[in-house]
Every structure is written in structure tokens, then in C-alpha cells.
6 protein chains.
Amino acid sequence: MTTLLVVNVNTTRSVTDVIAAAARAAVSPGTTVVPLTPRFGPASVESNYESHLSAVGVLDAVQTYDGPFDAVVHAGFGEVGRDALQDVLTVPVVDITEAAAHTACLLGRTFGVVTSLDRAVPAIHDRLLLAGLAGRCSGVRSVDLPVLELETDPGLTAKAFTEEAARLVEEGAEVVVLGCAGMSGLHAALSAELEVPVVDGVAAAARLAESLVALGLSTSKARSYAAPRPKELRGWPFG
Amino acid sequence: MTTLLVVNVNTTRSVTDVIAAAARAAVSPGTTVVPLTPRFGPASVESNYESHLSAVGVLDAVQTYDGPFDAVVHAGFGEVGRDALQDVLTVPVVDITEAAAHTACLLGRTFGVVTSLDRAVPAIHDRLLLAGLAGRCSGVRSVDLPVLELETDPGLTAKAFTEEAARLVEEGAEVVVLGCAGMSGLHAALSAELEVPVVDGVAAAARLAESLVALGLSTSKARSYAAPRPKELRGWPFG
Amino acid sequence: MTTLLVVNVNTTRSVTDVIAAAARAAVSPGTTVVPLTPRFGPASVESNYESHLSAVGVLDAVQTYDGPFDAVVHAGFGEVGRDALQDVLTVPVVDITEAAAHTACLLGRTFGVVTSLDRAVPAIHDRLLLAGLAGRCSGVRSVDLPVLELETDPGLTAKAFTEEAARLVEEGAEVVVLGCAGMSGLHAALSAELEVPVVDGVAAAARLAESLVALGLSTSKARSYAAPRPKELRGWPFG
Amino acid sequence: MTTLLVVNVNTTRSVTDVIAAAARAAVSPGTTVVPLTPRFGPASVESNYESHLSAVGVLDAVQTYDGPFDAVVHAGFGEVGRDALQDVLTVPVVDITEAAAHTACLLGRTFGVVTSLDRAVPAIHDRLLLAGLAGRCSGVRSVDLPVLELETDPGLTAKAFTEEAARLVEEGAEVVVLGCAGMSGLHAALSAELEVPVVDGVAAAARLAESLVALGLSTSKARSYAAPRPKELRGWPFG
Amino acid sequence: MTTLLVVNVNTTRSVTDVIAAAARAAVSPGTTVVPLTPRFGPASVESNYESHLSAVGVLDAVQTYDGPFDAVVHAGFGEVGRDALQDVLTVPVVDITEAAAHTACLLGRTFGVVTSLDRAVPAIHDRLLLAGLAGRCSGVRSVDLPVLELETDPGLTAKAFTEEAARLVEEGAEVVVLGCAGMSGLHAALSAELEVPVVDGVAAAARLAESLVALGLSTSKARSYAAPRPKELRGWPFG
Amino acid sequence: MTTLLVVNVNTTRSVTDVIAAAARAAVSPGTTVVPLTPRFGPASVESNYESHLSAVGVLDAVQTYDGPFDAVVHAGFGEVGRDALQDVLTVPVVDITEAAAHTACLLGRTFGVVTSLDRAVPAIHDRLLLAGLAGRCSGVRSVDLPVLELETDPGLTAKAFTEEAARLVEEGAEVVVLGCAGMSGLHAALSAELEVPVVDGVAAAARLAESLVALGLSTSKARSYAAPRPKELRGWPFG
């Protein structure tokens, strides 16, 4: 029995629900998905500022979770904070941006990403650059819709994603990555329409996290993600 | 029920057996591993010349296999030919070099590779460069032992791998990748000794291949790996 | 009259004092340096975990400062969070890692960085990679002393920094960057000993921030650092 | 007297004839061009699959040639296998993709490549990446015509190549490389039309191979291209 | 009192005047700007040939200047020769191309450059590549007007620069760099029109040079810019 | 009949003689080598300063040569100025640094460079970076002997070059490039001793220049190397 914590980066429970469903659909029968929503932070994460607030909210959600778990999925596309979790945990931590990109690399020579707002585009590029995968990414495009409006008119959202994804394919993407957590519905429609594989980061990350556990692999504590030295944390209002 | 073809690149059956065991230990209960050995080709693959011969042997082995299968694992570390399989198949094809590298990237900021002969080092660098992952690799080292001598004196082999892997860690590797197919025994010893995660490409590839099948993902046929146009294959002595 | 907020990333006031002194020594007569210490966070920042906590502490310190100011210096070497400040402000924000690297590039073809703990080395590489300046960096070395012990035995600290900096120069660094906030005392000693320019990030950043103000330049709001969209910030315990 | 083996990658003799003519037109009076056509393999090479089959066909053609020779030209644009020949020979081996790119670099700051089918584009990018020359390539474009149809309507073919080459020049290419073996006729037309140098890989490779021989230079046997260790080649149906 | 030599690269005094005014507007009250015009060389620098002639003219202008000075600004955008000055001087030397790029990096994630003639575009790319900043540059565009015609019809020039700069912003530039010395008038108009920061290299370089002096920093003499060994300079007609 | 101008970058005629001999030994019977020595400039080129002076001396030597010629070899290793010649000529111009590097790439996967003074090392790296070939270079080492002392004690020089070249090979170089013009004597000794190909830039460049002429190829005038616009050259004391 493997237990995965799947942590939303925003405080909107309906988004957590979509993420949880996507993760559950992806894992093996023996794996339990425990969805977490941060106690504090922005309702949606669409800027560097909000990304940094969410990093701490995600840390808090994981650190105050009192049950056992075998791995963590950091379910913010293009967000920071995966490394902070790796420092304080000994189990694997999988970021959905990286999971999607690594998975896409197994399916085609290049991948493109479709995300929500245009301002998320540079942040996604930066995450891929740090992951060493920028060379495989043929482009990042946005539908220019805020995260929380994606659910307002599903038909319109699907149309917008399909259009941008089609442009990515025309420009050379062989695989499309959904650059936003919890868009599993879109996943099916896009793949049928575009005739290329479409990767959802939450599904990919959940499956990868489960696989790392099965393979007996965990985060290296050798250098970058060594446990922080014990020290005073002044004035911290959280657990 | 998922069936994985796991194809050795050389014609030595004892190596195929080790690879098969590693793959079986890595997959879920519902997955069947079918090991294949090429009908022709070199007894071990340790040069560009042999790598190219093996690419055709691997193709032949897969194309003449007459049962159903859901994915293929190309079990040659640092070898060419994964893309040829992707052209002619519609199921996922996972190369163990890439599988190991992608998996290692989820566990640490950098990884190092220990391989058999020194002359394999440049080829491994080239595979990682094409995979876009060279930037995450902190180094590739060899024990300078031929592939088929690795089994002769397991104690000596383990000692040599441990020494080179320890050097990689000193030089900044946070994760170690076993740069040779079927060294699963070494895997346990190395990880205990070095206190960093050690990734075996066969195990990683088998698990990733199974995961791609579970996620409903397959090779993109959009461009690089589109099916070859039908045409005459003159004088070809194989099936 | 130009006012610079110079924000320490840890909660240790003696470090803030050293940073403030370095900034004051660097700016023009007409510039006022206002040092800030976060209300909460770690006593020293030496991991990704602490870096993320400090990012929020720095945001809070700046957002709750109630006087006018013309620019901000983010005084954490190798830390995250500069971009979050750029999102919420309209004045220039200068990070000391980047300020030091850009300044070093004007003085020599390559620069090396000496930092405190070895585990900070990868984080510094990542900051330089994102800044596009990794190609100019010939190496990052650490003295392997915790930040708060650097002040314990100044002679020992100076000796350790000099030794590592000398190694960087032997390996090709033409300029040395002090990879830790507030080591101004070391600056003079190192430069005299090594006969290469030694750049202190706090001094460089303070001077650059002042210069941007004088040139009438500020952060672009065009894309990456556009103001966040107004939205609910649930359960946030800070101002 | 220098003898060059110029090996076609496909089994179509009319293509071999065009290649031979291009090579003969490029070399010095004292050099003899011996054209070779593989005994087996695809009628044209337009996929990774066919490229791998052709690599073995080219090896066979060279290894079964029973006369003396001083250098080999591998006349497949964007194809694999040059390194396999280097392993088994002691004379220079020149690949036409690389020869064209190196030559183009001497003539302008950037070069563009026009090739036959769109699916060849990624493979050409990969060859240039491995050759370290991707940074000099401003783009690769295709006329989207199969190799064997290029001869069907020479006027149409010339028009298509000229149009794509003109686009490359508009987009910044200062030199144009013909990305397909044996298009020497196009060479003259394109250069006259576009007023930029146009490089034919076969001509460039033949001349470079001859030059290496004249300079007394051959393939390094130090590491990557060392002779394979003697070993059993099981079930191999060829010479 | 700090004295900056600001050296024009061409022999046109009206251009020197504009450069001098831009530098004076940028520096602190206590800094004196001494503009220099080469005694010989081209009336405008718009090719590699002219750039090399100007490099020697700039060297001569600085070496024959007989007063004291604290730093030098090399005021040619995209031109060569900054390193030659660094060899023969002990004071800081700041190139306007690099100064503009480094400054732009502090203001946005990416910058674009607008220059005069199209043929200057590749040279600017090369300067940025050597400076290690090419990764931050989203594009270089030209108005395709010769340098000395920029002053002929200021309205037309402003319109052309605004159009190209707007295209750069559309394509992802968050900051615009004026890729030509002495276009300070355009600076104000562009910034107002485009709503992104616009960096003038002369202003940036003058301020940076002054800052380096204030920080007590100078060119490293460790390796690249060590003083040339004393030796005979045959037939040199200049001082 | 092909005529090559082979231009030394320094004003020392004995060096010109060695260069001329190397070029003559490399070209075909029908090719005439015309060696040129600049009328003015440094006795040896060992700094950025001297490199820039030599660039103008080389230009002058070529522009004042009054006979016909078919191509130019710029015989300064690691020096600037090749592009200036390309601007003003319509025949091919081949730089020995680039010629050596391109040639080495045809012989092995990586090459190393042995040069005279340590301070030349960064300049050589920069030339290779601009040529797009830095990725193929495994290292540059110096014997730390001034150019004009290389002839003083040939035995000592040969020993020093052999030692540094052997280190390059140990560190992964498969081919060695002589990083200094006119060391043809060393060429034979090194190659015999090290058992790897050794490339002399002058020989490689002379042969490549001749080949470009034979192939009917010349410098692209499309953009980077277009002819300079006619304009006044004020105060220029040369032809």
C-alpha cells in the first residue's frame, strides 16, 4: 500500500478536487491519493509573488499532515517550492511541471506547453531551464485566461486550449503538455483532436511518484537537498 | 494485463536473463516481461560499430516477435536505435539510458554515470546530449572492464563500480546511474555503500514503460517518429 | 535624495548590521540606506527550505515598511524571492547574487564565487543559470562553515576564504565574488592577498540600485513582473 | 593517386550515379572516386528506421569492397552511421552533413538547410547538435517531397528548393546547404537565384576527404573511434 | 572627483556631442565626462571592417590623452575593442553594449535590442554571446537606417525605432535596449510610448563606470587582460 | 592556377617563413602561396591589444597587395580580424583557428589545443565560442612560453608541447590542435609521440582555402560580411 500526498498550490478546494481525481485515475489500485489544500495562500497562483506564498503554504500543508505517506506530488504547474519539500522530507517529491516534461520526452522529440495566463510563460521556461529540459521544449503558449475562469465555460476553455495546442504542433511540438494543474477533462478532448500525445502533469507525477516508491528510490540527501541544519525559526506563526 | 518486450542489445543469453530479472523485479504484479535476445549481432556491444549492428538486431527481434505487446524497453545503455523502433511501432518505446537519466533527475539536482569501458563514455555523453539531459549530468566514469568480464569476478566488479561511483559523488553527483544493462546486483551494494540513490536503467525503463501504458500514452507520430513511407527493402535477408 | 531598503534574508540583527554598513559604504552621499530584518524566519538561510521561508519574510518586511523608498536590495546570496518583490513593487529590486555577477563581468572574463556551506553551491549555480550568467562563472567553492560561525573566528574565516578564492583563481577565475551577504571585512583582505578584484554583492547591489534610480529606470511590468491580479489571500497571518 | 569510396545510403543506383558525378566534379585530377551502392536496404532513406538499416548496408558495402582506398565519404544527408565506419577503418571518413556544415561555416556566420521531407528536419537538427554546429544553423526547411520524386519533375523541384531557400535567407541564413545527397543540378540554379553561397555536401565531403589524405590526417583511434575489441558476431548473414 | 573618458568610435563630432550629453546626464554631480573623438577612422561604424579600424582609433584616442582619468566608456554599440583597452589600462573600461545588457537584465527577464542597420544585428548577437548574455536577449531588430542618417529626420527615426521596439515587446522583450550610441532623445519617446523600460547604453555605461570607481574596483589583470609584454611595435605611425 | 595570400599577423619575417613553408607543404601542385608580413604592428601577438593592432596590419597587407589572388589565409591563432577581411574581399578568407578546429572535428569527437602563453587561452576559447565549436573542444592548455622564444630551444619547446598535449589526451582530447601559427616541425614529433592526429592550422587553412576556390565557393555577402558602405575614412595614414 502506497500513500501519495498530492498538494494543490492554491486554496481553492474545487481545484484540489480536480487534481485529486486526476491523480486517482492515474495510480495503481494499491495506491491511496491524499489530496491537500494549503491552509493559507492565494485562491489561484498566477505570479511569482503568489508562487512564493504558495511554496510556504504547501510546506505547511505537508509538514502539518499527521499521517504516514510515501511520496509527495507538488501540484503547481510552473511554481517554485519543490526543492524546499525535498530538503525536509526523506520520501520522493515530484513536481508536476517536471513530471510532465520528463514524460513528454519519452513520447516525442519535442514538446510544447499550453498554459493559462501569458505571464506564466516565462516562469514555465525558467522551471524547464533549471530542470535541464528547455532544449526539448519547442514552445510555451497561453490561452490568456485566469486559472479560476477556466472552469466557467468549459467549452470555451477547451476551444482555446485546442487552438493554442494546434499552433504548438504546427510549430514543431510532437507532444503537448497541459501547463496547468487539474485539466484532465481537456486532456481527452485535446488528444483526440490533435492526434498527438497530451500529457497531464498531475497524472504523470502521481504515476512517477508511485514508481519511485516501488523502485525503492528516494530524494538524494547528498548535497542540494540535505536536511537543513537545526536552527531557530523566529516568529514563525505556523506549525 | 500489460506485456513489455524487454530487448537485450547483445546476443549473450545470460545477459538477457539478468536484464529480464531486473525488469521483473521492477514492474507491477499485473505486468508480464518478455525478454528478447537478437538472433544476430555481437556478443557484447562496446563500440559505435557494434551499436549500429545491434540496432538492426533489436529491430529484427521486435519485428519478428509474433505475440501482442504493449510497450518495448530498449535495454542497451548508451546505444543507438531507440528511434528506429519508435518509427515502426505504435506502442511506447523506452530506452534505458534515457529512463535512468530522467528518473535520476527526479531524485537529485545532478547525476553521474558509471559504465564499463572507457570508450563508452563519449557515446553516453552523446545520448544524454540528444536527450537534452547533458546539463544535469555531472560526469561519466568507467571501470574499464569489458561487459562480458563484469560477471567473471563479481567482487572485483562491485569494488571497481563503488570506487568510480564514490569519485562521481565527490565530484558533485547527487545520484548515481548504473551505465550498463543488467547490473542489478551492484545496485543494492552501491546504494548502501554510497548513501545516494542508485538508478538501474532497466528497472527504471520497465516501470516507466508500464506507466506510459497505464496513462494511455504512446509515441507521437506527428513528425520525428511517423511511420516510414511504404517502400521496397532490397536484398534484406531478415524477416 | 534616494532611499534604498536593504533587506536581510535572515532574522539575525548582527548580520543586518554588517549588510547595512556595507551598503552605506557603497552608496553616494545623497543616498539613505534603510536596513530591514524580517519579523519571522530562520536565523540563517542555508537550504532551499530556509530560502523559501525567507522569501516570504522578506516580502513581509518590505510590504509592511511604511515609509517611502526608491529601490530595494535583496541581500541574500543565492536565495530565491527577488522576483516576488518585483511583482508587487514599481521601484527597482536588485538581488545581491545577480548584482555581484553582473559587476564581476565588467571586470574580468570569468568570475568565481566563494560561499559558506557546500550545500549552497548548487543553489548559487541555479541562480546564475537563471540569470543567464552561468557561462561567465568559472566555479563556485565553499569554505564549509555555517553562516553564523563566520563571525566566530574572523581570522580563521579570512584564512578559509582566502584559500578557496586562491584555488578559484588558479582554476581560471579572474574576479572573485563573495558568495555570502555582509562579508565586507573579508573583501579588503582578499583583494590585497589575491591581486584580483573582489566583489561584495551588497556593495554592488546598493550602488546598482542607486544607479537605476538615478537613470530613471525601474522594473518592467510588461510580462514576468506584472502586478498580480487582485484576489483573495486566504488565512494569511501577515500584514 | 588518392582513391575515395563514396557510399550512397540507399539502394537506388541512379542516386549513386548523381552522387558520383558530384564527387568527381569536386575532386582534384589525381583523385579517383569509387561509388558504392549498398547490396541491401531501402530504396530511399527518409526515417530513423531506414537510416539505421542503411547504416549497416553502408558498413557492408565498405567492408566487402576489396580494393585499396584512402578515405570514405558517407553520402547520406542527416543519416546515422558515420561513427561505425570510423571504428572499423583507419582512413578518414567524412559525412556529407557535417562536411556541408563545416564548409558553410567558413563562408558565412549562419547557414540554413533545405531538405526533402519535413520528417527529416529533426534528424538533421540532431546531427548538427552532435556535431556541435547547431548554433551556426539558422534553420532547416523542407520542400516536403520524397527523395525519389525529386527527379520526377526537375523544374518543380528546383522551384520548391528555391522558395524554401529564399525563406531561409530572409530569416537570416547567409549560406544555404543542400540537405539531400546528389542535388548538384540544383546547386547552380539556387546559387544564381539567391546570391548566397550554396553548399552541396557531397562535393564538400569529397574535397575534404581528399584534403585530409593530402595532409596525412586520419581518424583518431584514441577513444570514441578505437577499433572494436575482437569478438564473436553471431548469426550475421553478411560478409 | 571622478573623470570618465567617453570615447566615440567614429570620427563624427556631432555624434560625440550627443554621446557626451547622454553621459553627462547620467553621472553624479562630482563626475566629469571627457568626450573623445578618434583622430582617424570611419565617419560611422557599420561593418566588421570599420569596427576593427575604430578599435585602433579608440586605442589611439585614449593612449594619447594626456590628462588623468578614472575610467573609460567605450561608446560603440556592438563594436570590438573593449578588451584591447583593458589590456593597456589599469582603470575600469565599460563597453556600452555590455553595460546596456547588464542593466536591462536587472529590469526584466528578457531584453530586445533595436539598432540602425540590419547588418549590425549579427555583430550585436556575437557581442552578447561573448558577454554570456545571449540567453537573456529575446531578439535584435533594425530600422535599417544608416547611423549618420538617424539625425536627418528625427521624426522618421523615432517612428522607425518605436515600430521595431514595439515588435520586440510583442515577441517577448520586457526591456528595450537602444542599440546605437547617442540616441538619448529617442529614449524618452520610446519609453513613454511602449510602457517598458528603455536602456541607453551610454547612460548605463557612464553610470556603471562611475560606480566601479566608487566601489574601488578595476579590471582584473589576472589573465585575459594582463598588461601586454613589452615588445617592439614596428612601423606604427601613431603615438 | 590558384593563388593564396597567407598573411602572418606579426611583423617577424622568420615566423612568416615558417608559415609559408607549412602552407606550401599543404597545398596542391597547382597552388601558389604568397606569404605576407604586415608593414606595421607587434613583433608577436600575445594580447587582445596586439591582436587588434595586428587586425589592422593584416588588412593593410592584403589591401595593398597589388597582384591577383583567389583566397586569403589569416594566419594568427586565436586572433581577431578575419571578419574585417571578409567584409572588404569577395574571395574566401580562412582563419587558421577555425580551420584547425573544423578539421579536427572530422577526425575525432573532441579536440584539445596547445598554445604558447597562458593568457592566450581565454582568447582561443572566445574564438571557438563564436565559431560555434566550443562544445567540441575538451580543453586549451599552454606551455607558457612567449611566441618568439619557441624557436630559441626547439628541443625544450617540443618537450613542453608534448607534455601539455599528452595531458589534453589524458583529459579526453582525441585530436590535438597546434594553437600557434607555424609550428610545423612540432607537428610531426607530436603526432608520433601521442598517437593521435595533430592538426596544424596553417596547413589546414591553406588546404581548405584552396578547396573552397576549387568548389567555386566564396564568402557570403548576404548580411554579416556585406561590403561596407562607401564612406569617408578620416586621417587614416595607410593605403
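For the structure, check the block above.
In this text, all values refer to a predicted model and were calculated from it rather than measured experimentally.

S.K.: How should I be thinking about the overall build of chain A in this particular structure?
M.R.: In terms of regular secondary structure, chain A is built from eight helices and ten strands. Against the compact-globule benchmark of 18 Å for 239 residues, chain A has a radius of gyration of 17 Å, which places it among compact chains. With respect to the principal axes defined by its C-alpha atoms, chain A has extents near 55 × 35 × 35 Å. A fraction of 70% describes how many contacts in chain A between residues 6 or more apart in sequence connect residues 24 or more apart. Surface summary for chain A: the accessible area is close to 7500 Å², and the carbon and sulfur share equals 52%. Counting 17 positive and 27 negative side-chain charges, chain A places the averaged centre of each group 9 Å from the other.

S.K.: How should the environment of Leu212 of chain D be read in this particular structure?
M.R.: Within the secondary structure, Leu212 of chain D sits in helix α8 (residues 201-214). Separated by 119 residues in sequence, Leu212 of chain D and Val93 of chain D have C-alpha atoms that sit 9.5 Å apart. Excluding anything up to four places from it in sequence, Leu212 of chain D contacts Pro92, Val94 and Leu217 of chain D together with Thr103, Leu106 and Leu107 of chain F.

S.K.: Looking at this model, I keep getting lost on the sheet that holds strand β7 (residues 137-142) of chain F. Mind explaining?
M.R.: Where strands meet in a sheet, backbone hydrogen bonds hold them as pairs that are either parallel or antiparallel. Residues and elements named next belong to chain F. Across the sheet, which stays open at both edges, the four strands sit in the order β7-β6-β8-β9 with parallel pairing between neighbours. The two strands at the open ends of the sheet, each matched to only one other strand, are β7 and β9 (198-200). Direction aside, neighbouring strands of the sheet carry axes that sit 25° apart on average. Bridge count for strand β6 (residues 111-115) against strand β8 (residues 175-179) is five bridges, and the pairing is parallel. Among the inter-strand pairings, Phe111 is bridged to a residue of β8, identified as Val175. Here helix α7 (residues 184-194) sits on the sheet and contacts β8 and β9; the angle it forms with β9, its principal contact strand, is near 170°.

S.K.: How do you make sense of the interface of chain A and chain C when you look at a structure like this?
M.R.: The figure often quoted for interface size is the accessible area lost as the parts come together. Facing 51 residues of chain A, the contacting portion of chain C comprises 51 residues. Both faces combined, the contact of chain A with chain C buries some 4300 Å², and carbon together with sulfur accounts for 58% of it. Summed over the shared surface of chain A and chain C, the result is twelve salt bridges. Between Lys231 of chain C and Glu46 of chain A there is a salt bridge whose closest N-O contact spans 2.7 Å. Between chain A and chain C we count 32 residue pairs in polar contact (both at pLDDT 80 or more) in total. For the side of chain A that touches chain C, the secondary-structure elements that each account for two or more residues are β3 (41-42), α2 (48-63), α3 (82-88), α5 (120-130) and β10 (233-234) of chain A. The dominant element in the side of chain A that touches chain C, judged by the number of residues it contributes, is α2 of chain A, at nine residues. When grouped by side-chain class, the residues that make up the side of chain A that touches chain C number 26 nonpolar, eleven polar and 14 charged.

Rules used throughout
- Residues numbered from 1 in each chain as written.
- Chains lettered and ligands numbered in written order.
- Predicted model: local features only at pLDDT ≥ 70, side-chain atom pairs only at ≥ 80, totals over all residues.
- Heavy atoms only, no water.
- Helix = DSSP H or I, 4+ residues; strand = E, 2+ residues; numbered from the N terminus.
- Rg over C-alpha atoms; globule rule 2.2 N^0.38 Å.
- Contact = heavy atoms within 4.5 Å.
- Areas by Shrake-Rupley, 256 points an atom, 1.4 Å probe, with all protein chains shown as cover.
- Lys, Arg positive; Asp, Glu negative; His and termini not counted.
- Charge placed at Lys NZ, Arg CZ, Asp CG, Glu CD.
- Pairing = 2+ DSSP bridges.
- Axes fitted to C-alpha atoms, helices over the stretch in contact; angles between N-to-C directions.
- Buried area = accessible area lost by both parts, 1.4 Å probe.
- Salt bridge = Lys/Arg side-chain N within 4 Å of Asp/Glu carboxyl O.
- Polar contact = N/O pair within 3.5 Å; in protein donor to acceptor, adjacent residues only side chain to side chain.
- Nonpolar A, V, L, I, M, F, W, Y, C, P; charged D, E, K, R; others polar.

On their own, these measurements won't tell you what the molecule is for.
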